[in-house]
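Residue-level structural notes
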Amino acid sequence: MSRTYEYIEVSIEGAIGVVMLNRQKVLNAINRPMVTEIVTVIEEFDRDDEVKVIVLSGKGRAFAAGADIDEMAEATAIELELLNQFTEWDRLAWVKKPIVGAVQGFALGGGFELALCCDILFAAHDAEFGFPEISLGVMPGAGGTQRLTKLMGKSKAMEWLLTGDRMSADEALHHGVINRVVAKELLMEETMKFARKIGKQAPLSLRLIKESVHKAVDYPIYEGMQFERKNFYLLFASKDQKEGMRAFKEKRKPNFEGE
Ligand code: DAK
């Protein structure tokens, strides 16, 4: 992790890989090189055995106020098709380790879509979520209409997407879009505490539970249950299953190694 990045800050704190969006002058508006940096480093964390959990947040007064409007304003449909930039973004969905998002201030448009790529979301009291694309004459294109609808249901998602209104942190919590609202000054501390807590669990269990929960969103119940069962069996091939159950019988804490 010795490389420097232009639009993000990256660190490893214990078992947690931390990515902070850092383009504060434009409220962390996401341009194309920033997407490349985010996806590259998250994939590196995914391959790094030292990292158990990934935390994603933003510096300054926003998580991210959307995709960079300056970059998009004059784009043509054909340019966008040829750029094929969503392919890179879509790779976030293949990340195996849990991603915990910490949102302060604005999470709008592409910024909200990035937050929705996280598995767990903590938000500060001042967080505001929304899809203002409609007021720009476009619509979400990086998963917004799909992921928000799966989280809050058709009627509510339709309302937020058609109005472009901003949802407070409490509303987002109420609709099941986020996991927890915390005081702004405690956001990173609480997020890191949660990340460290799950980071102590057996890494293969974390991985296969994440994968199975994602399948629950997409699969019919029977197929989802079959998928879950295979992952359940698979864990019995791990050393950590033997260690976890042995530790229980020996009344000691397990020492998980991710194998
Ligand atoms: N793009 C570019 N610059 C932005 C920006 C954005 N999305 N959001 C804010 N800024 C800039 C402002 O222009 C301003 O720059 P200066 O004027 O100082 O040079 C600076 O950040 C501070 O913003 P404001 O002065 O506007 O600050 P306020 O507190 O008054 O207002 C605001 C904050 C967040 C309400 C406002 O800035 C705002 O409405 N921002 C735009 C929000 C928005 O419409 N976002 C959605 C964009 S559409 C993709 C993935 C996703 C997408 C596309 C592609 N790929 C993977 C390819 C998604 C599309 C979108 O997100």
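Residues numbered from 1 in each chain as written. Predicted model: local features only at pLDDT ≥ 70, side-chain atom pairs only at ≥ 80, totals over all residues. Heavy atoms only, no water.

1. Some thoughts on the pairing of strand S5 (residues 99-103)
Judged by how many residues are buried, S5 sits mostly within the fold: 5 of 5 residues are covered. The two faces of S5 match: Ile99, Gly101 and Val103 on one face and Val100 and Ala102 on the other face are all buried. As paired elements, strand S3 (residues 53-58) and S5 share 4 bridges and run parallel to each other. Each residue of the ladder has a partner; that of Ile54, found in S5, is Ile99. (Buried < 20%, exposed > 50% of the residue type's maximum accessible area, 1.4 Å probe, protein only. Helix = DSSP H or I, 4+ residues; strand = E, 2+ residues; numbered from the N terminus. Pairing = 2+ DSSP bridges.)

2. With respect to a nonpolar patch on the surface
A grouping of Ile69, Met72, Leu136 and Val138 is seen on the molecular surface, where their side chains present a nonpolar patch of about 350 Å² in accessible area. Checked against the element boundaries, Leu136 lands in the loop between strand S8 (128-130) and helix H6 (144-152). (Patch = residues over 30% accessible without salt bridge, like charges linked within 9 Å, V, L, I, M, F, W, Y side chains within 5 Å. Areas by Shrake-Rupley, 256 points an atom, 1.4 Å probe, with all protein chains shown as cover. Salt bridge = Lys/Arg side-chain N within 4 Å of Asp/Glu carboxyl O.)

3. A word on the site of the ligand
Taken together, 24 residues surround the ligand, and among them Arg61, Ala65, Ala67, Ile69 and Gly110 come closest. Within the side chain of Arg61, an N or O atom sits 2.9 Å from an oxygen atom of the ligand. Between an oxygen atom of the ligand and a main-chain N or O atom of Ala67, the distance comes to 2.8 Å. Residues belonging to the shell around the ligand are distributed by class as follows: 14 nonpolar, 4 polar and 6 charged. (Near = heavy atom within 4 Å. Polar contact = N/O pair within 3.5 Å; in protein donor to acceptor, adjacent residues only side chain to side chain. Nonpolar A, V, L, I, M, F, W, Y, C, P; charged D, E, K, R; others polar.)

4. Focus on the sheet that holds strand S1 (residues 8-13)
The strand order S1-S2-S3-S5-S7-S10 describes an open sheet built from 6 strands, whose pairing is mixed. Edge positions in the sheet fall to S1 and strand S10 (180-182), since each has one partner strand and no second. The mean inter-strand angle of the sheet, taken between neighbouring strand axes irrespective of direction, is 20°. Two elements, S1 and strand S2 (residues 16-21), share 6 bridges in a ladder whose sense is antiparallel. Following the sheet pairing, Ile8 is matched in S2 by Leu21. (Axes fitted to C-alpha atoms, helices over the stretch in contact; angles between N-to-C directions.)

5. Some thoughts on the state of the cysteines
Per the counting criterion, the structure on display carries 0 disulfides. Free cysteine Cys117: the closest other cysteine sulfur is in Cys118, separated by 7.0 Å. Note on Cys117: relative accessible area 13%, which makes it buried. (Disulfide = S-S within 2.5 Å.)

6. Structural notes on unusual backbone geometry
Backbone geometry places Asn28, a non-glycine residue, at a positive phi of 60°. Among the structural elements, Asn28 can be located in the loop between S2 and helix H1 (32-47). Take Asn28: its relative accessible area is 0%, and that puts it in the buried class. Despite not being glycine, Lys251 shows a phi value in the positive range, around 55°. Its relative accessible area of 79% is what places Lys251 among the exposed residues.

7. Description of the nonpolar core
Judged by nonpolar contacts, the single largest core of 47 residues is most densely connected at Ile42, Val103, Leu114, Phe129, Leu148 and Val177. At 7 residues, H1 tops the list of elements feeding residues into this core. Apart from residues no more than four positions distant in its own chain, Leu114 is found in contact with Leu21, Ile30, Ile38, Leu56, Phe63, Trp89 and Leu92. Membership of the second largest hydrophobic core comes to 17 residues, among which are Val18, Val100, Ala102 and Ile198. (Core = buried A, V, L, I, M, F, W, Y, C linked by side-chain atoms within 4.5 Å. Contact = heavy atoms within 4.5 Å.)

8. Description of the environment of Ala172
By the element assignment, Ala172 lies in helix H8 (residues 169-174). Here Ala172 falls in the buried class, since its relative accessible area comes to 0%. Sequence separation between Ala172 and Ala123 is 49 residues; the distance between their C-alpha atoms is 9.2 Å.

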